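The chain contents come next:
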Amino acid sequence: MNSGAPGPLVVGRVKFFGRHRGEVNSSAFSPDGQMLLTASEDGCVYGWKTQSGHLLWKLGGHTGHQRSVETVSFSPDSKQLASGGWDKQVMLWEVQSGQMLRHLEGHRDSIQSSDFEPSSDCLATGSWDSTIRIWDLRAGTPAVFHQELEGHSGNISCLCYSASGLLASGSWDKTIHIWKPSTRSLLVQLKGHVTWVKSIAFSHDGSQLASAAYSHMVKIWDCNTGKCLETLKGALDVAHACAFTPDGKLLVSGAAE
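Everything numeric in this text was worked out from a predicted model, so none of it was measured.

On to the overall build of the protein chain. The helix and strand inventory of the protein chain stands at zero helices and 22 strands. Out of the 257 residues in the protein chain, the part that is buried amounts to 49%. Considering only intrachain contacts with a sequence separation of at least 6, the fraction spanning at least 24 residues in the protein chain is 39%.

In structure tokens form, the structure reads like this:
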């Protein structure tokens, strides 16, 4: 992977989605790119048409004194979305109608991350209670079975499923764990960051993982061996996010600069 000087960036038309009444904490595109979700400190989830910028709906269900929505994610089949936040609640919504389908309760602290399994059958959520919960969404009842993954010694800050169904988790304990959720087994632990892990992303084939910590660097890992393959030091400020392009040829990182 080339970590040299960046080349010129061609920027196309930019749209602004500006009807939030608080900070925007999380965003997610639908699998087809036609919709954008944003989660706000104002306690609401917003659904937008990507091309027109038209607001489709505004979902308000997170309540209480600390109602900020911290995470939002689309199911791969585009039928559901999940949101979680400071009220310790996970909410499942129907994308088409904006109707709330289920409350998922059990976390003991703020929910900061979420991701759907590739099949859309399960949802993973990560909390400041230092646990990961895997919710089985196939049951048609409000009481959703879940399993709990424990092993981190700090808040869970980010989650990401691979295309094959492995789950990676990043934490304030400066480590990344890669799990096989079906057996609740920890496959590999990635160590090397000196600050808490803020963002993680699998490569398209699942062989590599990128991670951004609260520092000026992004790391690339071999998911099978746990070895750090490369450390990229291009950010001028703290790296907040990282993502592979769909073709896997580029890795993009965002910083507060």
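This is not the end of the story, as more comes after the structure.
We now examine the environment of Ser162. Checked against the element boundaries, Ser162 lands in the loop between strand E13 (156-161) and strand E14 (167-171). On the basis of relative accessibility, which here comes to 2%, the residue Ser162 falls in the buried class. A C-alpha to C-alpha distance of 9.1 Å links Ser162 and Ser207, two positions 45 residues apart in sequence. Not counting residues within four places of it along the chain, the set of residues in contact with Ser162 comprises Pro118 and Phe202. Engagement of the side chain of Ser162 in a polar contact is seen with the side chain of Ser164, the distance being 3.0 Å.

The sheet built from four strands is open, its strands ordered E17-E18-E19-E20 with antiparallel pairing. This sheet does not close on itself; its edge strands, each paired only once, are strand E17 (197-202) and strand E20 (228-232). Neighbouring strand axes in the sheet, compared pairwise and without regard to direction, differ in orientation by 20 degrees on average. Of the pairings in the sheet, the one linking strand E18 (residues 208-213) to strand E19 (residues 218-222) comprises five bridges and is antiparallel in character. Residue pairing across strands places Ala212 opposite Val218, the latter belonging to E19.

With that out of the way, let us pick up the side chain of Ser40. Within the secondary structure, Ser40 sits in strand E2 (residues 35-40). When neighbours within four sequence positions are excluded, Ser40 is seen to be in contact with His20, Arg21, Gly22, Glu23, Val24, Asn25, Tyr46, Ser68 and Val69.

Here we come to a positive patch on the surface. Together, Arg19, Arg21, Lys58 and Arg67 line one region of the surface with positive charge. Examined against the element boundaries, Arg67 turns out to sit in the loop between strand E4 (55-60) and strand E5 (69-74). The partly exposed category is assigned to Arg67, whose relative accessible area is 41%.

In this section: the sheet that holds strand E7 (residues 90-94). The four strands lie next to each other as E5-E6-E7-E8, forming an open sheet whose pairing is antiparallel. Each edge of the open sheet carries a strand with a single partner, namely E5 and strand E8 (100-104). The average angle at which neighbouring strand axes cross in this sheet is 20 degrees, direction not considered. Pairing geometry for E5 and strand E6 (residues 80-85), over five bridges, is antiparallel. Directly across from Val69, in E6, lies its bridge partner Gly85.

Among the structural elements, Leu209 can be located in strand E18. Residue classification places Leu209 among the buried residues on the basis of a relative accessible area of 0%. Taking the C-alpha atoms as reference points, Leu209 and Ala243, separated by 34 residues in sequence, lie 9.6 Å from one another. Apart from residues lying up to four places away in sequence, Leu209 is in contact with Ala168, Ile176, Leu190, Ile200, Ala201, Phe202, Lys219, Ile220, Trp221 and Cys223.

Right, let's talk about the pattern of salt bridges for a bit. Side chains carrying opposite charge are able to pair once their charged atoms draw close together. Enumeration over the complete set of coordinates arrives at two salt bridges. Across the salt bridge formed by Asp136 and Arg138, the nearest N and O atoms sit 2.9 Å from each other. Classification of Asp136 by relative accessible area gives buried; the value is 18%. The exposure class assigned to Arg138 is exposed, which follows from its relative accessible area of 58%.

Conventions adopted
Residues numbered from 1 in each chain as written. Predicted model: local features only at pLDDT ≥ 70, side-chain atom pairs only at ≥ 80, totals over all residues. Heavy atoms only, no water. Helix = DSSP H or I, 4+ residues; strand = E, 2+ residues; numbered from the N terminus. Buried < 20%, exposed > 50% of the residue type's maximum accessible area, 1.4 Å probe, protein only. Contact = heavy atoms within 4.5 Å. Polar contact = N/O pair within 3.5 Å; in protein donor to acceptor, adjacent residues only side chain to side chain. Pairing = 2+ DSSP bridges. Axes fitted to C-alpha atoms, helices over the stretch in contact; angles between N-to-C directions. Patch = residues over 30% accessible without salt bridge, like charges linked within 9 Å, V, L, I, M, F, W, Y side chains within 5 Å. Areas by Shrake-Rupley, 256 points an atom, 1.4 Å probe, with all protein chains shown as cover. Salt bridge = Lys/Arg side-chain N within 4 Å of Asp/Glu carboxyl O. Lys, Arg positive; Asp, Glu negative; His and termini not counted. Charge placed at Lys NZ, Arg CZ, Asp CG, Glu CD.

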